[in-house]
Amino acid sequence: MLRKTLQAALCASAVLTLSAPAWAAQAQVLKSEEGTVEVTTVVRGLDHPWSVAFLPGQRGMLVTERPGNLRLVSPDGRLSAPLSGVPEVWANGQGGLLDVVLSPDFKQDRTVYLSYSEAGKDGKAGTAVGRGQLSEDSKRLENFDVIFRQQPKLSTGNHFGSRLVFDREGYLFITLGENNDRPTAQDLDKLQGKVVRIYPDGKVPDDNPFVGQKNVRPEIWSYGLRNPQGAALNPWSGTLWENEHGPKGGDELNIIERGKNYGWPLATHGINYSGAPIPEAKGKDVEGALGPHHVWQVSPGLSGMAFYDNERFKPWQHNVFIGALVSRNLIRLQMEGDQVVHEERLLGELQERIRDVRQGPDGYLYVLSDEDDGALYKVGLK
Ligand SMILES: [Ca+2]
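As the structure is a computational prediction, the values presented were derived from the model and not from experiment. (Residues numbered from 1 in each chain as written. Predicted model: local features only at pLDDT ≥ 70, side-chain atom pairs only at ≥ 80, totals over all residues. Heavy atoms only, no water.)

**Overview of the pairing of strand β18 (residues 302-307)**
So, point 1. When you tally the buried positions in β18, you get six out of six residues, the bulk of the element.
So, point 2. When β18 meets strand β19 (residues 319-324), the two strands line up antiparallel, connected through four bridges. Bridge assignment links L302 to a residue of β19, and that residue is A324. (Buried < 20%, exposed > 50% of the residue type's maximum accessible area, 1.4 Å probe, protein only. Helix = DSSP H or I, 4+ residues; strand = E, 2+ residues; numbered from the N terminus. Pairing = 2+ DSSP bridges.)

**Let's talk about empty space enclosed by the protein**
So, point 1. Using the criterion set out here, one finds three cavities of 30 Å³ or more in the structure.
So, point 2. Looking at the largest cavity, its volume works out to about 50 Å³.
So, point 3. Classifying every residue of the lining of the second largest cavity by side-chain character gives four nonpolar, four polar and three charged. (1 Å grid on protein atoms, 1.4 Å probe; cavity = no way out; pocket = protein on both sides within 12 Å on 5 of 7 lines; lining within 4 Å. Points joined across faces, edges and corners; volume = space filled by probe spheres on them. Nonpolar A, V, L, I, M, F, W, Y, C, P; charged D, E, K, R; others polar.)

**Topic: the environment of E287**
So, point 1. Examined against the element boundaries, E287 turns out to sit in the loop between β16 (251-256) and β17 (294-296).
So, point 2. Expressed as a C-alpha distance, the spacing of E287 and E349, which sit 62 residues apart in the sequence, is 42 Å.

**What to know about the coordination of the calcium ion**
So, point 1. Within the protein, the calcium ion binds to E252 (OE), E252 (OE) and Y262 (O); these donor distances fall in the range 2.3 to 2.5 Å. Placement of the pair is E252 in strand β16 and Y262 in the loop between β16 and β17, with a sequence separation of ten residues.
So, point 2. Accessibility expressed as a relative area gives 5% for E252, which makes it buried.
So, point 3. Given a relative accessible area of 3%, Y262 falls into the buried group. (Donors = N, O, S within 2.8 Å, 3.2 Å for Na, K, Ca; no water.)

**Some words on the nonpolar core**
So, point 1. In terms of nonpolar packing, the biggest core is built from 20 residues, with V37, W316, L330, L347 and V379 touching the most fellow members.
So, point 2. Elements that contribute at least two residues to this core include exactly β2 (37-46), β22 (354-359), β23 (365-369) and β24 (374-381).
So, point 3. By residue number, the principal contributor to this core is β24, which donates four residues.
So, point 4. Those residues in contact with L347 that lie beyond four places of it in its chain are L30, V37, V39, R328, N329, L330, V367 and V379. (Core = buried A, V, L, I, M, F, W, Y, C linked by side-chain atoms within 4.5 Å. Contact = heavy atoms within 4.5 Å.)

**Topic: the sheet that holds β2**
So, point 1. Taken together, the five strands give an open sheet; going across it, the order is β1-β2-β24-β23-β22, and neighbouring strands pair in antiparallel fashion. Edge strands, defined here as strands with exactly one partner in the open sheet, are β1 (27-30) and β22. Looking at each pair of strands side by side, their axes are set apart by 25° on average, direction ignored.
So, point 2. Pairing between β2 and β24: seven bridges, direction antiparallel. Paired with L46 across the strands is G374, a residue of β24. (Axes fitted to C-alpha atoms, helices over the stretch in contact; angles between N-to-C directions.)

**So, the pairing of strand β4 (residues 61-65)**
So, point 1. In terms of burial, β4 is largely enclosed, as five of its five residues are buried.
So, point 2. Of the two faces of β4, the one lined by M61, V63 and E65 and the one lined by L62 and T64 are each fully buried.
So, point 3. Sheet analysis places strand β3 (residues 49-54) next to β4, joined by five bridges and oriented antiparallel. Pairing of P49 across the sheet is with E65, part of β4.
So, point 4. What sits between the antiparallel neighbours β3 and β4 is a turn of six residues, in which G57 has the positive phi angle 70°.
So, point 5. As judged from the five bridges shared by β4 and strand β5 (residues 69-73), these two strands associate in the antiparallel manner. Bridge assignment links T64 to a residue of β5, and that residue is L70.
So, point 6. Between β4 and β5, which pair antiparallel and follow one another directly, the connecting turn spans three residues, one of which, G68, has a positive phi of 130°.

See the structure below:
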């Protein structure tokens, strides 16, 4: 009897998974400075989605859900069952299954990289990164292997970072939060509050800035970061850009340079959520630390970011888009060269926490809302 009930339930969920969703064709039309924005829901019912990666050749998109599932979304909005072969994640607070990116050679090696929070001792956790091969039927990751672990593990649920970005030479950058243990962002013997640079197999390049120094982690590329939840490679300059969720006030956009100190927690434009100053802070600008490239005095709660580099929507060309969790909208930054000259907020009508934004191969923006009933939206100009 129980088995029959289970079978019926499984059949019902299979039907749900395979039938075309009713919301797929609906589009919302919103006003913006650059014309009418059209928002199409590709899929709903995602459990706190965190990141999206596009498979080549119209094979759909991989989406991470923070509680620990990796799913495939078909181009017409069908949501797969969770893929098998994904590592066990420590899904507490801000931790769980986080970023997903494809290998630059995905067409040859079918390798998928994941960042996630991994359990340590005493109820604490840290960011880890691993990779596996996507099976031909896209139903599982095979031979998953951990290539990087944040050490020590200090998080009780906060500030994992953890965006993954390949540069043009094939180095892998990982952005790492300070696990809400502020002073560690300045400690070069720890991997909290850092950007690290490794080879795709986890080995450390000899030309990293601190290689060979005593009591310094050789993976470190730059340091003094709080919770870098957004990062992307600037397609015009090839440099790594990073944004971070500040304390109360002081969200930052930074251009990441080799060996540089980005200040946290010695230099910040923000204060504690309680209203008290950051105990370690010495000011907004501190000698030896690079100030933010751009700063928000009122924290939008920055998350995933994307450069727009496509002919489809010309008014967006050379813009930067960043998801905002607290202000619940999508930030559009108009740029002149590297300088931010104007800001607009989009998608505020949805009233959803925006976790990630990516430019799809079709030139549309794809946006994830970090909600219990999260969505993947396709966003364009009409
Ligand atoms: Ca800073």
